[in-house]
Amino acid sequence: MAEDEITVLRVGRLRAKRITAVAALSLAALAWSAPQAALGCLLVFVALMLVVYWPSRASVAQDRLRDEEARGQIVWPGRGMKAIVEALQEPAFLLDRAMLLRYRNPASFVAFGNMALGDSFLLRFRAPELVSAIEGAIKNMAPGQATLDERRPVERTWQIEILPVPPYQGEDPHFFLVLFHDRTAERRVERMRTDFVANASHELRTPLASLTGFIETLQGPAKNDPAARERFLAIMREQAQRMSRLIDDLLSLSRIEMKRQLPPSARADLVSVLKKVQTQMAPLAADLGMEVRFCAGEEQVLIVGDEDELIQVFANLVENACKYGEGSPAVELSVARVVERGEPVVDVSVRDYGPGIPPEHVPRLTERFYRVSVGNSRAKQGTGLGLSIVRNILLRHRSRLLVESEIGKGSTFTARFPAIPALTEMPVMSAT
């Protein structure tokens, strides 16, 4: 209620009290001086009180409106409370005691999409730990905490606080603030640190042991043997280069995993990307007696993506095709527009005509350090991280890697990207 309305109401009540006092004294004096008029004075006083204090229609309507507004303040938060929630930079929700959504800030729309006010909060969040924490906070009228791990549409970790909003005049809280803190980056850093230590210690153990053995040999039996020294130094250099490649790949993989949940926003031309990969990988293919072939059917094929990361993807795939596609005369690159489940997509394929991959190995190819043949991989200077890097980059691009291989006929690695809206109007083929 406004201050002016309160002032007017107080003045009216004071005036009614004064009228009541004056009337009572006057009629009492009249009844004292003329006892025969006492009954009439009493009737006049009653009638006057009814006139003064009988509620009018306007006052009844005002009282009813005030009651409705008071009830509304309990069901829906006030403007000040909404303004504070909107100012928060992280997703925030206001719930009532029945766990119905009463307000939300703009950051929550970005993180969780649309949710209707008045609906149950459990329609969107059904994690038992979170539900239990909210129920506990409402029951105990005390703060609570929970952790939420989401896997779709992207992997995210949220640290959640449930805070009772203090009401006026010591009442029980009517609203509870549910505040989401994004801890995805921190969790990834922790996981990256753990994985890096475990993987690096495992993979670096062998070359380090080799280096130690050769150094001891050069300091001992082969100290004065020039031929052995040259041979051992060449092997030591090869092992050092292997460790350098391994560390570079681990750091690259860690950087990609750190931003995997952040999709790219720029556009990249796949035709241009594949032409650059063809030029970049031509010397390696020539050294292995192969060539990289690419015949673009269109001048430009646009997708939403990071060009540098896409070049890294297809350079990795072409390098693998050249190294492990023994006996293949060429590595072929292709781009095709297809349809998958009624949605237009773009397929980029890297095909070789080598010995192929046994079916039991195909599902595990993108695992870290997984090798079909450990000896063959190390002989070809592989680190076992290339396809894992490819997988993580494609996940960031909301795409995936498809692998088809047949023993004796070669392998085809296909990266399938969602088409941008401009491509949906063009004719496409059906995906197999």
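Residues numbered from 1 in each chain as written. Predicted model: local features only at pLDDT ≥ 70, side-chain atom pairs only at ≥ 80, totals over all residues. Heavy atoms only, no water.

Bringing the overall build of the protein chain into the picture now. Check the secondary structure of the protein chain and you find 12 helices and 13 strands. For the protein chain, with 432 residues in total, the buried portion stands at 37%. Here the contacts in the protein chain between residues at least 6 apart in sequence split such that 62% fall between residues at least 24 apart. Total accessible area on the protein chain stands at roughly 25,400 Å², and carbon and sulfur atoms take up 56% of it. (Helix = DSSP H or I, 4+ residues; strand = E, 2+ residues; numbered from the N terminus. Buried < 20%, exposed > 50% of the residue type's maximum accessible area, 1.4 Å probe, protein only. Contact = heavy atoms within 4.5 Å. Areas by Shrake-Rupley, 256 points an atom, 1.4 Å probe, with all protein chains shown as cover.)

Counting 54 residues, the largest nonpolar core has Leu270, Leu310, Phe314, Leu317, Val318, Val350 and Phe417 as its most contacted members. It is helix α10 (residues 307–324) that contributes the most residues to this core, nine residues altogether. If we skip the residues at most four places from it in the chain, Phe314 touches Leu270, Val273, Leu274, Val277, Val348, Val350, Ala415 and Phe417. Leu95, Phe112, Ala133 and Phe176 belong to the second largest nonpolar core, which has 22 residues in total. (Core = buried A, V, L, I, M, F, W, Y, C linked by side-chain atoms within 4.5 Å.)

This structure, assessed with the given rule, holds 12 salt bridges. Between Glu309 and Arg396 there is a salt bridge, with the nearest N and O atoms lying 3.0 Å from each other. Taken as a pair, Glu309 in helix α10 and Arg396 in helix α12 (residues 386–396) lie far apart in primary sequence, 87 residues in all. Arg396 matches Glu309 in its accessibility class, with the two residues each being buried. One continuous salt-bridge network, built from bridges that share partners, spans Glu340, Asp347, Arg400 and Arg416. (Salt bridge = Lys/Arg side-chain N within 4 Å of Asp/Glu carboxyl O.)

Attention now moves to the sheet that holds strand β4 (residues 156–164). Taken in spatial order, the five strands make up an open sheet running β2-β1-β5-β4-β3, and their pairing is antiparallel. On the outer flanks of this sheet lie β2 (101–104) and β3 (144–150), each paired with one strand and no other. For this sheet, the mean inter-axis angle between neighbouring strands, taken without regard to orientation, is 25 degrees. Where strand β1 (residues 92–96) meets β2, three bridges bridge the pair, whose relative direction is antiparallel. By the bridge assignment for β2, Phe93 is matched with Arg104. On top of the sheet, helix α4 (residues 79–87) reaches β1, β2 and β5 (175–182); it is set at about 55 degrees to β2, its chief contact. (Pairing = 2+ DSSP bridges. Axes fitted to C-alpha atoms, helices over the stretch in contact; angles between N-to-C directions.)

Let us look at the pairing of strand β12 (residues 410–418). Along β12, eight of the nine residues are buried, which leaves the element largely enclosed by surrounding structure. The pairing of strand β11 (residues 400–406) with β12 spans seven bridges and is antiparallel. Residue Val403 lies in a different strand from β12, and its bridge partner there is Phe413.

What follows is about the confidence of the model for the protein chain. Considering every residue of the protein chain, the mean pLDDT works out to 79; 82% of them sit at 70 or more. Mean pLDDT values for the elements of the protein chain range from 43 in strand β13 (residues 429–430) up to 93 in β1. Throughout residues 68–72 the model reports pLDDT below 50, and contacts reaching past four residues in sequence, or to other chains, amount to zero contacts. (pLDDT = per-residue confidence, 0-100.)

Here the structure, examined in full by the defined rule, presents 12 aromatic pairs. With centroids separated by 6.0 Å and ring planes inclined at 45 degrees, the aromatic side chains of Phe93 and Phe112 adopt a geometry described as tilted. Of this pair, Phe93 sits in strand β1 while Phe112 is found in helix α5 (residues 106–112), placing the two residues 19 residues apart along the sequence. Take Phe112: its relative accessible area is 6%, and that puts it in the buried class. A ring pair is formed by Phe125 and Phe180, whose centres lie 5.2 Å apart and whose planes are at 35 degrees; its orientation type is tilted. Taken together, the residues Phe125 in the loop between α5 and α6 (128–140) and Phe180 in strand β5 connect sequence positions 55 residues apart. By relative accessible area, which is 3% here, Phe125 ends up buried. (Phe/Tyr/Trp six-rings, centres within 6.5 Å; stacked < 30°, edge-to-face > 60°.)

The subject of this paragraph is unusual backbone geometry. The backbone phi angle of Met99 is positive, close to 65 degrees, even though this residue is not glycine. When you line up the elements, Met99 lands in the loop between β1 and β2. For Met99, a relative accessible area of 8% translates into the label buried.

For Thr157, the position within the fold is in strand β4. Look at Thr157 and you get buried, because its relative accessible area is 7%. Thr157 has contacts with Thr147, Leu148, Asp149, His181, Asp182, Arg183, Thr184 and Arg187, leaving out every residue within four places of it along the chain.

As paired elements, strand β7 (residues 291–294) and strand β9 (residues 330–340) share four bridges and run parallel to each other. Within β9, the position partnered with Glu291 by the bridge is Ala330. Examined bridge by bridge, β9 and strand β10 (residues 343–352) share nine bridges and lie antiparallel to one another. Opposite Leu333, over in β10, you have Val350 as the bridge partner.

Attention now goes to the packing of helix α8 (residues 226–258) against α12. Each pair of packed helices can be summarised by the angle the axes make with each other and by the distance between the axes. Running from amino to carboxyl end, α8 crosses α12 at an angle of 15 degrees, the nearest separation of the two axes being 9 Å. The orientation of α8 with respect to α12, classified from their angle, is roughly parallel. The two elements α8 and α12 meet at a crossing, and its hand is left-handed. Contacts between α8 and α12 pair Asp249, Ser252, Leu253, Ile256 and Glu257 from the former with Ser388, Ile389, Asn392 and Ile393 from the latter. Considering only residue class, the contact of α8 with α12 consists of four nonpolar, three polar and two charged. (Parallel < 35°, antiparallel > 145°, perpendicular 65-115°, else oblique. Left-handed = near helix turned anticlockwise from the far one by under 90°. Nonpolar A, V, L, I, M, F, W, Y, C, P; charged D, E, K, R; others polar.)

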